[in-house]
2 protein chains.
Amino acid sequence: MRAGLKRDRVRDFLLDFIADKRPGEAIPSERDLCKELGVSRPTLRAAIDDLVRSGLLVREHGRGTFTGPHRVTQALSATPSGSFYAPPAEGHWQSRILEFGLIPAGPQLATRLQLSPAAPVLRVVRLRIVDDEPMAIERIQLPHALVEGLVPADMESGSFYRLLRERFGVDVRTAVQTIEATVTDETEAELLNVPQHFPALGVERTTRDADGRIVEFVRSMYRGDRYRVTSELYFDADSG
Amino acid sequence: MRAGLKRDRVRDFLLDFIADKRPGEAIPSERDLCKELGVSRPTLRAAIDDLVRSGLLVREHGRGTFTGPHRVTQALSATPSGSFYAPPAEGHWQSRILEFGLIPAGPQLATRLQLSPAAPVLRVVRLRIVDDEPMAIERIQLPHALVEGLVPADMESGSFYRLLRERFGVDVRTAVQTIEATVTDETEAELLNVPQHFPALGVERTTRDADGRIVEFVRSMYRGDRYRVTSELYFDADSG
DNA sequence: CGCGCCAACTGGTTAAGACCACTCTATCTG
DNA sequence: CAGATAGAGTGGTCTTAACCAGTTGGCGCG
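Nothing here was measured: the structure is a model prediction, and the numbers come from that model. (Residues numbered from 1 in each chain as written. Chains lettered and ligands numbered in written order. Predicted model: local features only at pLDDT ≥ 70, side-chain atom pairs only at ≥ 80, totals over all residues. Heavy atoms only, no water.)

1. Observations regarding the overall build of chain A
- Of the regular secondary structure elements, chain A holds six helices and 10 strands.
- Scored against the burial criterion, the 240 residues of chain A give a buried share of 50%.
- Pairs at least 24 apart in sequence give 58% of the contacts found in chain A among residues at least 6 apart. (Helix = DSSP H or I, 4+ residues; strand = E, 2+ residues; numbered from the N terminus. Buried < 20%, exposed > 50% of the residue type's maximum accessible area, 1.4 Å probe, protein only. Contact = heavy atoms within 4.5 Å.)

2. Let's talk about the protein's contact with DNA strand C
- DNA strand C sits among 28 residues. The nearest are Lys6, Ser40 and Arg63 of chain A together with Arg41 and Arg59 of chain B.
- A share of 68% is what sugar and phosphate atoms reach among the atoms of DNA strand C within 4 Å of the protein.
- Between DNA strand C and Arg31 of chain B, the relevant distance is 3.0 Å, taken from a base nitrogen to a side-chain nitrogen or oxygen of the residue.
- Between Arg45 of chain B and DNA strand C, the recorded distance is 2.9 Å, taken from a side-chain N or O atom to a phosphate oxygen.
- For the surface near DNA strand C, the secondary-structure elements that each account for two or more residues are helix H1 (5-19) and helix H3 (41-53) of chain A together with helix H2 (30-37), helix H3 (41-53), strand S1 (57-60) and strand S2 (64-67) of chain B.
- Counted by class, the surface near DNA strand C contains five nonpolar, 11 polar and 12 charged residues. (Near = heavy atom within 4 Å. Polar contact = N/O pair within 3.5 Å; in protein donor to acceptor, adjacent residues only side chain to side chain. Nonpolar A, V, L, I, M, F, W, Y, C, P; charged D, E, K, R; others polar.)

3. Brief notes about the pattern of salt bridges
- This model, assessed by the stated rule, comprises 38 salt bridges over all chains.
- Residues Glu30 of chain B and Arg59 of chain B are paired through a salt bridge, measuring 2.9 Å at the closest nitrogen-oxygen approach. You can see Glu30 of chain B sitting in helix H2 and its partner Arg59 of chain B sitting in strand S1, a full 29 residues away along the chain.
- Exposure remark for Arg59 of chain B: the relative accessible area of 23% places this residue in the partly exposed category.
- Here the salt bridges do not stand alone but share partners, grouping Glu30, Arg41, Arg45, Asp49 and Arg59 of chain A into one network. (Salt bridge = Lys/Arg side-chain N within 4 Å of Asp/Glu carboxyl O.)

4. Some thoughts on the pairing of strand S5 (residues 120-130) of chain B
Residue and element names in this part refer to chain B.
- Across the 11 residues of S5, nine count as buried, placing the element largely inside the fold.
- One ladder, built from 11 bridges, connects strand S4 (residues 93-104) with S5; its direction is antiparallel. The partner of Trp93 across the bridge, within S5, is Val130.
- Pairing of S5 with strand S6 (residues 133-143), which is carried by 10 bridges, proceeds in the antiparallel orientation. Across the sheet, Val124 pairs through a bridge with Ile140, a residue of S6. (Pairing = 2+ DSSP bridges.)

5. Focus on the nonpolar core
- Ranked by internal contacts, the top residues of the largest apolar core, which has 21 residues, are Ile179, Leu201 and Tyr222 of chain A together with Ile179, Leu201 and Tyr222 of chain B.
- Elements with a contribution of two residues or more to this core: strand S6 (133-143), strand S7 (172-183) and strand S8 (199-209) of chain A together with S6, strand S7 (172-183), strand S8 (199-209) and strand S10 (227-234) of chain B.
- If you look at the next biggest cluster of nonpolar residues, it comprises 18 residues, including Val124, Leu142, Leu163 and Val170 of chain B. (Core = buried A, V, L, I, M, F, W, Y, C linked by side-chain atoms within 4.5 Å.)

Read these as geometric descriptors, not functional statements.
Right, dumping it as structure tokens:
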């Protein structure tokens, strides 16, 4: 999926372009962009298609292509007070590190992180706590090469993504995420302080940096009574 | 609506093909399908891409393309290929109407739909069925004034939003949606043919048309083993 | 007999170009 | 001056034709 070189280049170019614009502004015509970027129109259109699907761009036949209605794509947010990624104000939450260590990637993780199966992977399991109440369990896997020198205390508070950027030069840029309904098992229930088989949101997220490298693969479980996901949808033509 | 002619033809062909197969079976190679259907490979691939995005097909580089597990993975943002809850394949799903009638809005719904509490509201409860398997329960409430003359049969198949546009001149444009984890109660479990207290996604959606009028307020429950929500995120600054 | 290599599949990406359909505007005509 | 119209520009679709990159299995060599 991530394979294409040119397509990624075009995509990144467009992302930068969009970042400087206000919602609703036009982007250059497809034919102009082709010339400027030195790619064919199908390639360009494939890249634009991606962004249209994500809601960052909107096409209008005969008129042009425009930056999407919601500018900064905080596509998802969660109650109580923040998004899945920008939790409550710093200082209001903390993490208890349950596990922190190196493991070989193995076949599964190697695929997820696009590494060799023998590559060392840092695995961190942490319990997220807001106002003394456990809210979520996060199981984070990331290529050790990216974060050599990271210690558990680094992940107990503060913004991890900011740490990545400032100390390791990793500029988190995009993520693909799937959410599903699930229930807690015995240990999860205990950690989250809820009954067994309690409703929960299972989230899988793969995060990439500005160069398209995979930064982390995360499996999280959020208490169903404390988190909801809200999103805004924009339709263009038909739907069911 | 659904864009291309050939692409639709290919898509329909593949849907029929998939319908006869069990999950995990291979479909013919892309080059063979091109010959058989008389289309070019990019066109064919575009059609396959749609189905891969919908989760009906799975590609494996160097091996082939296979019918997917019967789990519907939805893109959260509005995509050309379908809305959140309607599997892209028209004709593959149907609805059983469980309830269809007028009720006064009452205080709660009046707020949700921005109507007077005395205004008549059409309430429809339907069971969504894909390939003979119940997948979701939808409880739809909409201002009766918007859809006078609507009959139950209108909501048993086909695109409801298209019907709204073509017959009632209502141009569905945006929706705000919240998703949460929940479990089925007794009657829900029976309708969905799953055990009681089974994981499920609860979804609330408020839909508006191009003029900003509220078109519908929907509460749905999706089987947790058959639905997941996927979304793409773009970061700006920092996060946790 | 076993191992390794290579050929023939598979999907993945890109190119270049043609033509259609829609929208806007500037110009021509009444 | 107002309306109709033609052209230019836009996105929408499709074709032909390459080449790249994994996967598989059979053939030949050791």
